[in-house]
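Descriptive analysis of the structure
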Amino acid sequence: MMAKMFHMTMGLGMMVLAASQLHAQGNCAPRASVIERLAERYGEARRGIGMVQQGSVMEVFASDETGTWTITLTMPDGTTCLVASGQAYETVAEALPAKGDDA
């Protein structure tokens, strides 16, 4: 369990670093502009949200109609960067494994 938490934390840290790189490359804009574009162009709505290091917010947007998805990272100053995107989004609801089960 601790290993899984470590990997998840490292993954989020990598997302922050990736967003910093993206910001430098121009894949960032004010949050309102990004949200509007995701909704109008791809029909995506927010499906998940979480806090990341240093006050940043990670969000997952997806469309049931098109199957597209986008992960964004919003910095404390309101700048939102595109971190990842793809296709074939599916909503799942899986139960947690029983305690003591390492699988």
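Residues numbered from 1 in each chain as written. Predicted model: local features only at pLDDT ≥ 70, side-chain atom pairs only at ≥ 80, totals over all residues. Heavy atoms only, no water.

1. Section: the overall build of the protein
When you go through the protein residue by residue, the secondary structure sums to 2 helices and 5 strands. Reading the protein from its N terminus to its C terminus gives the helix and strand order α-β-α-β-β-β-β. For the protein, the share of sequence-separated contacts (at least 6 apart) that also reach a separation of at least 24 residues comes to 37%. Of the accessible surface of the protein, which amounts to about 7300 Å², a share of 58% is contributed by carbon and sulfur atoms. (Helix = DSSP H or I, 4+ residues; strand = E, 2+ residues; numbered from the N terminus. Contact = heavy atoms within 4.5 Å. Areas by Shrake-Rupley, 256 points an atom, 1.4 Å probe, with all protein chains shown as cover.)

2. Overview of the pairing of strand β4 (residues 69-74)
Within β4, 5 of the 6 residues are buried, which leaves the element mostly enclosed by the surrounding structure. Two elements, strand β3 (residues 57-62) and β4, share 6 bridges in a ladder whose sense is antiparallel. Its bridge partner being in β4, Met-58 is matched across the sheet by Leu-73. Count of turn residues in the β3/β4 antiparallel hairpin: 6 residues, of which Gly-67 carries a positive phi of about 80°. (Buried < 20%, exposed > 50% of the residue type's maximum accessible area, 1.4 Å probe, protein only. Pairing = 2+ DSSP bridges.)

3. Quick word on unusual backbone geometry
Note on backbone geometry: most residues besides glycine have negative phi, and most peptide bonds are trans. In the Ramachandran plot, Gln-54 falls in the positive-phi region, its phi being about 55° despite a non-glycine side chain. The residue Gln-54 is located in the loop between β2 (45-51) and β3 in this model. In this structure, Ala-88 is a non-glycine residue whose phi angle is positive, near 65°. For Ala-88, the position within the fold is in the segment after β5 (79-86).

Interpretation in functional terms is not warranted from these geometric data alone.
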